[in-house]
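# Fold and contact review
Spelled out from the first residue to the last, the chains are:
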Amino acid sequence: MSAQRLASVTKNGVGAYVLQCRKMVFNYCENWGSNKGMINYLKKDIVEFAKANPQIEVVVEQRPAHHPVIRGEYLNGREKVICVRNMAPFEIKQKVQLLKDSSGAKMKNLTKRPVLSTTESVRGIWSPFHTNPHKI
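This section reports on the structure supplied with the text. In this text the structure is predicted, and so the values were computed from the model without any measurement.

## Quick notes on the overall build of the protein chain
When you go through the protein chain residue by residue, the secondary structure sums to three helices and four strands. Helices (α) and strands (β) of the protein chain occur, in sequence order from the N terminus, as β-α-α-β-β-β-α. For the protein chain, the proportion of its 136 residues judged to be buried stands at 29%. Sequence-distant contacts, at least 24 apart, represent 68% of the contacts inside the protein chain between residues at least 6 apart. Of the roughly 11,200 Å² of accessible surface on the protein chain, a fraction of 55% belongs to carbon and sulfur atoms.

## Some remarks on the nonpolar core
Counting 20 residues, the largest nonpolar core has Met24, Phe26, Met38, Tyr41, Ile70, Ile92 and Val96 as the members making the most contacts within it. In this structure, methionine 24 is in contact with Phe49, Ile56, Glu57, Val58, Val59, Arg71, Val96, Leu99 and Lys100, ignoring residues within four places of it in sequence.

## As for the pairing of strand β1 (residues 21-28)
By the criterion of burial, β1 is predominantly enclosed, with seven of the eight residues buried. Direction of pairing for β1 relative to strand β3 (residues 69-74): antiparallel, over a ladder of six bridges. Looking at the pairing, phenylalanine 26 lines up with isoleucine 70 of β3. Relative to strand β2 (residues 57-62), β1 is paired through six bridges, and the arrangement is parallel. Within the sheet, the bridge partner assigned to methionine 24 lies in β2 and is valine 58.

## What about the sheet that holds β3?
The four strands are arranged β2-β1-β3-β4 in an open sheet whose pairing can be described as mixed. The sheet is open, and its two edges are formed by β2 and β4 (79-83), each paired on a single side. Between one strand axis and the next, the sheet turns through 15° on average, direction left out of account. Sheet topology places β3 next to β4; five bridges connect them, and they run antiparallel. Considered in β4, the bridge of arginine 71 is made with valine 81.

Conventions used here
Residues numbered from 1 in each chain as written. Predicted model: local features only at pLDDT ≥ 70, side-chain atom pairs only at ≥ 80, totals over all residues. Heavy atoms only, no water. Helix = DSSP H or I, 4+ residues; strand = E, 2+ residues; numbered from the N terminus. Buried < 20%, exposed > 50% of the residue type's maximum accessible area, 1.4 Å probe, protein only. Contact = heavy atoms within 4.5 Å. Areas by Shrake-Rupley, 256 points an atom, 1.4 Å probe, with all protein chains shown as cover. Core = buried A, V, L, I, M, F, W, Y, C linked by side-chain atoms within 4.5 Å. Pairing = 2+ DSSP bridges. Axes fitted to C-alpha atoms, helices over the stretch in contact; angles between N-to-C directions.

What follows is the structure, encoded as structure tokens:
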């Protein structure tokens, strides 16, 4: 009888938790009115967020003549972008928290599940050879 090697399956959250968000980029324009909430957020709350989350790289960039956006980049290579035009600083704070806590995975529709059956189909497996016989 051979000895089996026991190995635990590693899961995020067991042992050490690795935050999936690695970088957040804040883009804004100083001239457009839709950026007012973002500018206030950057003046007051961005330093707190950066100090509370040293594992996330925080980048602030000007993007002239555009609405403000927050872009979160994740360990799996994906990125999520949220437009925060005309939002108040507390709403932007909620969006930042949403991006921080997100895994970066694609959104999945949880309402539609595939039909799984334990019994075979009554009609059997379809084949093109079951219908109209071929003439050569």
